[in-house]
Amino acid sequence: RGLWHGVMVYGLFAAETDGKELAVLHPGTGEELIKLHFSPTFARRLQRQHGKDRFHVALQVVTTGAKAADEAERQGREGHVNEQFMLHGLSAELTEALADFGQRRLPRLPGWNKVARYSPGYPVWPDLAEQKKVFTLLHPERIGVSLTGKNQIVPEYSTSAIVMPA
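All figures in this text were calculated on a predicted structure; none of them were measured in a lab.

Q: What exactly am I supposed to notice about the pairing of strand S8 (residues 158-165) here?
A: Across the eight residues of S8, eight count as buried, placing the element largely inside the fold. Of the pairings in the sheet, the one linking strand S4 (residues 55-63) to S8 comprises six bridges and is antiparallel in character. Paired with Leu59 across the two strands is Ile162, which belongs to S8. Here four bridges tie strand S5 (residues 115-118) to S8, and the two strands are oriented antiparallel to one another. For Arg117, the partnering residue across the bridge sits in S8 and is Val163.

Q: Got a minute to help me understand the sheet that holds strand S2 (residues 21-25) in this structure?
A: Through backbone hydrogen bonds, the strands of a sheet pair up, either in parallel or in antiparallel fashion. Reading across the sheet, the six strands line up as S3-S2-S1-S4-S8-S5 and stay open at both edges, with antiparallel pairing between neighbours. Each end of this open sheet is capped by a strand with a single partner; those strands are strand S3 (32-37) and S5. Averaged over all neighbouring strand pairs, the angle between strand axes comes to 35°, with direction disregarded. When strand S1 (residues 7-17) meets S4, the two strands line up antiparallel, connected through nine bridges. Its bridge partner being in S4, Val7 is matched across the sheet by Thr63. Where helix H1 (residues 40-50) meets the sheet, its contacts fall on S1, S4, S5 and S8, and the angle it forms with S8 comes to roughly 35°. Along the sheet, helix H3 (residues 81-105) makes contact with S1, S4, S5 and S8, crossing S4 at roughly 150°.

Rules of the game
Starting from 1, residues in each chain are numbered consecutively following that chain's sequence as written. Since the coordinates come from a predicted model, pLDDT governs what is reported: local features require at least 70, and pairs of side-chain atoms require 80 or more to be given and counted, while whole-chain, interface and lining totals use all residues. Excluding hydrogens and water, the side-chain values take into account all heavy atoms of the structure. Working definition: with a 1.4 Å probe on protein chains only, accessible area under 20% of the residue-type maximum means buried, over 50% means exposed, and in between means partly exposed. Secondary structure elements follow DSSP: runs of H or I no shorter than four residues count as helices, runs of E no shorter than two count as strands, and numbering proceeds from the N terminus. By the convention used here, strands pair only if DSSP detects at least 2 bridges between them. The axes are straight lines fitted to the C-alpha atoms, using for helices just the contacting stretch, and the angles between their N-to-C directions are given from 0 to 180°. Any two residues having at least one pair of non-hydrogen atoms within 4.5 Å are treated as being in contact.

See the structure below:
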């Protein structure tokens, strides 16, 4: 029924850390574009891993579109709770699979033998407002994704992340 329409946007950037923040740099000019704030423990780990060396990161936003959330809401209104629950679970898993697919499509840059993906709002990147910075660089509105005033991604089955060497 056309409930899912997977689409993504991503960018590759240079980066460097000062132990507290991760500066995302223009890959050609080295100009600082944004600074990302991670948990202190994770920021120290990045500093230990990369020191003052520049390395590459990718930012991505993926979505499976708004139709599945609309359909789940309709099913709930009509009392089809089991179907609503199953559709929600499947949609969430498809969104995660799309994020993983996007991560796997990234070029294998030097030092990218193993990569990890982190999203705002999780323990290593706790401030959900950090998504605004990702959105500033990637402009995911061109794929139908936006942020609410409380930094929640719309449509529901969407996610943003940074991918970097593990």
